[in-house]
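# Structural description and commentary
Each chain, written out:
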Amino acid sequence: MEITKLKISQADFESAVPAATTKNSDVFEVLAPSIEQEVPWITATILGQKGQGTCLANNGPLSELAKGLACKYAFLNNMRSLDLVLTSTGFGIVSTQDTAPASQARVDALEEELKVNILRTRDSLLTELTKVDGWSDEECAQLQIGTVFYQYAHFLMYTGMKGTSEKWFSVHPYILNADLFLRSKISNNQMDSLLMAIRKNSLNDAQKQAVLK
């Protein structure tokens, strides 16, 4: 069984969300409609038409990352409404009245782990998209790479803070303020030039030093 234009299979889903691995296809089948809904959203906000075209043309890293992100978002957005049970292989769906749902602490831990995993997957996906010809000109490219501090990996490397998803989103106002400050020093044109070079994966040595600083 394969779903969406990206042809996502149960194997793709379980590779992306190992905790949802089961002996049958219950979890995948329940989440199939949600996965279907995630793909257009990911296409509109991250992949763009150029990225989607590349995914459909081959089964390389970009396609695998896009499939994985759709599956992870679908599971994250629905896990609270599923009756999850902890099994020997991961989390399954409660199928009988005699099976107790997984504890709140277990589900909370899984949710945070998944949120962080999504941020890491997004980082990798954006890295691959910068290699796609024409993606840099799409609106979603400007949305996703709007400052030089756009990756979750940057947060881990430069802040020294433990990497929870909540902390990452909490620093966004500071990132935007820093971007405005830098633009006041080097001009909008210079900053926009650096960002376009990042989106095109074409930074020269001088630009790399500027971005790093």
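## Examining the overall build of the chain
When its secondary structure is counted, the chain shows 10 helices and 4 strands. Along the chain, from the amino end to the carboxyl end, the secondary structure elements read β-β-α-α-α-β-β-α-α-α-α-α-α-α. Classification of the 213 residues of the chain by burial places 45% in the buried group. Contacts in the chain between residues far apart in sequence, at least 24 positions, make up 63% of those at least 6 positions apart. Of the roughly 11800 Å² of accessible surface on the chain, 51% is carried by carbon and sulfur atoms.

## Digging into the pattern of salt bridges
With the rule as written, the count across this model stands at 5 salt bridges. Put simply, Arg122 and Asp123 hold a salt bridge, and the shortest N to O gap is 3.8 Å. Each member of the salt-bridge network shares a partner with another, and the members are Asp179, Arg183 and Asp192.

## Some thoughts on the confidence of the model for the chain
Considering every residue of the chain, the mean pLDDT works out to 87; 88% of them sit at 70 or more. Ranking the elements of the chain by mean pLDDT puts strand S3 (residues 84-86) last, at 50, and helix H9 (residues 188-199) first, at 97. Note that residues 96-100 has pLDDT below 50 and, in this model, 4 contacts with residues that lie over four places away or in other chains.

## Some details on the side chain of Lys72
Within the fold, Lys72 resides in helix H3 (residues 61-78). Buried and unpaired, Lys72 has Glu113 as its nearest opposite-charge partner, separated by 9.7 Å. Residues in contact with Lys72, not counting those within four places in the same chain, are Ala16, Val17, Leu114, Asn117, Ile118 and Thr121.

## A few points about the nonpolar core
Across soluble globular proteins, nonpolar side chains show a tendency to be buried alongside one another. Residues Ile8, Phe13, Ile35, Phe75 and Leu129 are the most contacted members of the largest nonpolar core, which totals 45 residues. The biggest single contributor to this core is helix H2 (residues 26-57), with 10 residues. Of all hydrophobic cores here, the second largest spans 7 residues; its members include Val116, Leu119, Trp168 and Val171.

## What to know about a nonpolar patch on the surface
A contiguous nonpolar patch, built from Met157, Tyr158 and Leu212 and spanning about 360 Å² of accessible area, is present on the exposed surface. Mapped onto the secondary structure, Leu212 falls in helix H10 (residues 205-212).

Here is what the cut-offs are and how they apply
Residues numbered from 1 in each chain as written. Predicted model: local features only at pLDDT ≥ 70, side-chain atom pairs only at ≥ 80, totals over all residues. Heavy atoms only, no water. Helix = DSSP H or I, 4+ residues; strand = E, 2+ residues; numbered from the N terminus. Buried < 20%, exposed > 50% of the residue type's maximum accessible area, 1.4 Å probe, protein only. Contact = heavy atoms within 4.5 Å. Areas by Shrake-Rupley, 256 points an atom, 1.4 Å probe, with all protein chains shown as cover. Salt bridge = Lys/Arg side-chain N within 4 Å of Asp/Glu carboxyl O. pLDDT = per-residue confidence, 0-100. Lys, Arg positive; Asp, Glu negative; His and termini not counted. Core = buried A, V, L, I, M, F, W, Y, C linked by side-chain atoms within 4.5 Å. Patch = residues over 30% accessible without salt bridge, like charges linked within 9 Å, V, L, I, M, F, W, Y side chains within 5 Å.

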